[in-house]
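Summary of structural features
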Amino acid sequence: MSRTGPHRVWQIWHPSFDISTKPTKEIYTDTNKPNQQYDKRSIFHHLNRDRKASLQRRNHNRSLKQQIMPNVSQISTVLRLAFSCKRRLSNGLHFVARSYSTSDPPKQPSGPLTNYSKLVEQGRLQHDPYQEKVVSAFENLFGRLEHFEKQMEDYHVRLAEWEKKREEERRKLMVEEAEKKEDDGMWASVNKQGQKLLGRWVLGRRQMNVEPGVGKWVSYLNRERKLDSIVGSRPAVPPAPKGLYIYGNVGCGKTMLMDMFYGATDGIIRHRQRFHFHEAMLKINEQMHKYWKENGAEKPMQYSISSWIMNLPVDEKVKEWLAGEEFYKQQLQMKHILPAVADKFLVDQQSSKKGASILCFDEIQTVDVFAIVALSGIMSRLLTTGTVLVATSNRAPRELNQDGMQKEIFDKFISKLEKHCEIISIGSEVDYRRVAAKNSAENVHYLWPLNDAVLEEFEKMWRQVTDQYGGEITSATLPVMFGRTVEVPESCSGVARFTFEYLCGRPVGAADYIAVAKNYHTIFISDIPAMSMEIRDKV
């Protein structure tokens, strides 16, 4: 007997019955009596004989009925009995209820360990116990992300409600303070020109000292304390799974394993980014410049006055005071620009829903003071607000700052990093870059020496590759950052060509090379000289 629905198929099964698993099967054959067949009607006849007895067990099996067969009415009692126990009918047959889904279950994303094992089985990777240890750590982290994403989605909903309520209460408090000052006659001594105070403040950036003896900082702190008592403290961030900091020798597979983990999180974590160190530093610079331009002192003062203040039905003197308080708040925020930049560092602008965030940071290093200060400010903020950090480096965390630059700031950052990340040394001495190059020796990646035959072969390869992509050779201009561009003399649908002198002998930097790498998958470089100390700046 079968019951088909939009999601499940239910069948009554007997061990001696030769029953097809197809839900459309209508006739069942008893293997003990091959000449006798049973259809649904005869089976129902046997089952319904004991329907009265089954009614006595209805209360006992009610919950089971709700879980298993919510849409079945006529045979619900029979199936309930059949599922709960093996039941002997008058003809001596035992029936057991079985269920199976008519549609395939949703495909679960494969984790890093599964992907790694497949690549090893296919021969695309060489098994490495050190790598396998790291992949196991990635798998453990991967298994906790889905639940953490749900926790963070709920957290951001609560945080948005808290921030909205706090801002509404803050504006109420400010208006009440301003009106109280006006009622107390604080501005009564203002002369006739006081009617133009707002315009004069806007144009000349002057602020009245309407708080004698009390600084704006104290006023700001008192207001924040009142808000804490009215709205309550900021919602607590759910505890994030520990991230990973992987370090080891060059070529041991750190970046490959991190990228494998990053790819596995697609569809699980909405807000995720993967940066190389130089790319991250450029983005931080760009975001800081953008934030300063939008909120800094260079912004015309008239645009700093919030619309909610301008629309208030209050005296101009009150509006001036409120605008001054708002401007002071902006000044305080500018002193903490790194946390403000960090809050937008990983947000997917195309997603309207907030959730957990992951930052995969390749080749973390501290090359100068700015790198230490910027990384400390950005990373500390991200780790505090629930971001899962996965980082790779050639050095252990405590060995990153061997020159001792900004030691106090660096030590605080490393302590936070060790608290939020599991530190793993990959330990392998194998440089797989050399192994890969040796195994692919038949695929020539360089041509030498610079003679006519080699130049002819180089031109032949260029034509072969570009012909595969249409053959139309054009020049291109790539945007870099801050209005800068880099010129590409010859290109064709993802393939570019440069001379060594043009690419390395001019004043270009990491931003230019990143722009080239993002736009071209294949790059031809000609006229490469023998490397020596005389051209070390180009190298």
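For every chain, the first residue of its written sequence is number 1, and the numbers climb from 1 along that sequence. With the structure being a predicted model, the display of local features is reserved for residues of pLDDT at least 70 and the display and counting of side-chain atom pairs for 80 or more, all residues being used for whole-chain, interface and lining totals. With hydrogens and water stripped out, all remaining heavy atoms of the structure feed into the side-chain values.

Take the pairing of strand β13 (residues 474–479) next. The criterion for strand pairing is that DSSP finds at least two bridges linking the strands in question. The way it works is that DSSP assigns letters per residue, a run of H or I at least four long becomes a helix, a run of E at least two long becomes a strand, and they are numbered from the N terminus. Of the pairings in the sheet, the one linking β13 to strand β14 (residues 485–492) comprises five bridges and is antiparallel in character. Pairing of P479 across the sheet is with T485, part of β14. Two successive antiparallel strands, β13 and β14, enclose a turn made up of five residues, where F482 displays a positive phi of approximately 55 degrees.

With that settled, the discussion passes to the packing of helix α10 (residues 277–295) against helix α14 (residues 369–384). Across the interface, α10 lies against α14 with an axial gap of 11 Å and an inter-helix angle of 75 degrees. Judged by the inter-axis angle, α10 sits roughly perpendicular to α14. For the pair α10 and α14, the contacting residues are F277, M281, I284, N285 and M288 in the first and F370, A371, A374, L375 and I378 in the second. Residues that form the contact of α10 with α14 fall into these classes: nine nonpolar, one polar and no charged. With axes taken as lines fitted to C-alpha atoms, and helix axes fitted only over the stretch in contact, angles between N-to-C directions fall between 0 and 180 degrees. Here roughly perpendicular refers to angles of 65 to 115 degrees, roughly parallel to angles under 35, roughly antiparallel to angles over 145, and oblique to all remaining angles. Any two residues whose heavy atoms approach within 4.5 Å are treated as being in contact. Each residue is assigned to one class: nonpolar for Ala, Val, Leu, Ile, Met, Phe, Trp, Tyr, Cys and Pro, charged for Asp, Glu, Lys and Arg, and polar for all the others, Gly among them.

This brings us to unusual backbone geometry. Across the junction of W448 and P449, the peptide omega takes the value -10 degrees, indicating a cis bond. Following the sequence through the fold, P449 ends up in the loop between α16 (432–439) and α17 (452–468). Although it is not a glycine, Q406 adopts a positive phi angle of roughly 45 degrees. Locating Q406 in the fold gives a position in the loop between β11 (388–393) and α15 (407–420). Unusually for a residue other than glycine, S493 sits at a positive phi of about 50 degrees. Structurally, S493 is set in the loop between β14 and β15 (495–499). Per-residue accessibility, obtained with a 1.4 Å probe over protein chains only, is compared with the maximum for each type, and a residue is labelled buried under 20%, exposed over 50%, and partly exposed between these values. Using a relative accessible area of 52% as the deciding quantity, one classes S493 as exposed.

This brings us to the pattern of salt bridges. For this document, the term salt bridge refers to a Lys or Arg side-chain nitrogen within 4 Å of an Asp or Glu carboxyl oxygen. Scanning the entire structure with this criterion turns up 22 salt bridges. A salt bridge links K407 to D411; the shortest N-O distance between them is 2.9 Å. With K407 and D411 both in helix α15 and four residues apart, the pair spans about one turn of that helix. Look at K407 and you get exposed, because its relative accessible area is 53%. What makes D411 partly exposed here is its relative accessible area of 24%. Overlapping salt bridges, with partners in common, bring together E149, E153 and R270 in one network.

Attention shifts here to α15. With 14 residues, α15 should reach 20 Å at 1.5 Å per residue; the first-to-last C-alpha distance of 20 Å fits that figure. Listed as buried for α15 are F410, F413, I414 and L417. The arc enclosing the buried residues of α15, seen along the axis, measures out at 100 degrees, which places them on a common side. Exposed side of α15, more than 90 degrees from the buried face: E408, K412 and K419 are the residues found there. Buried positions along α15 lie against β8 (243–247), α14, β11 and β12 (421–425). A helix is expected to span 1.5 Å multiplied by its residue count minus one. This arc describes the spread of directions from the helix axis toward the C-beta atoms.

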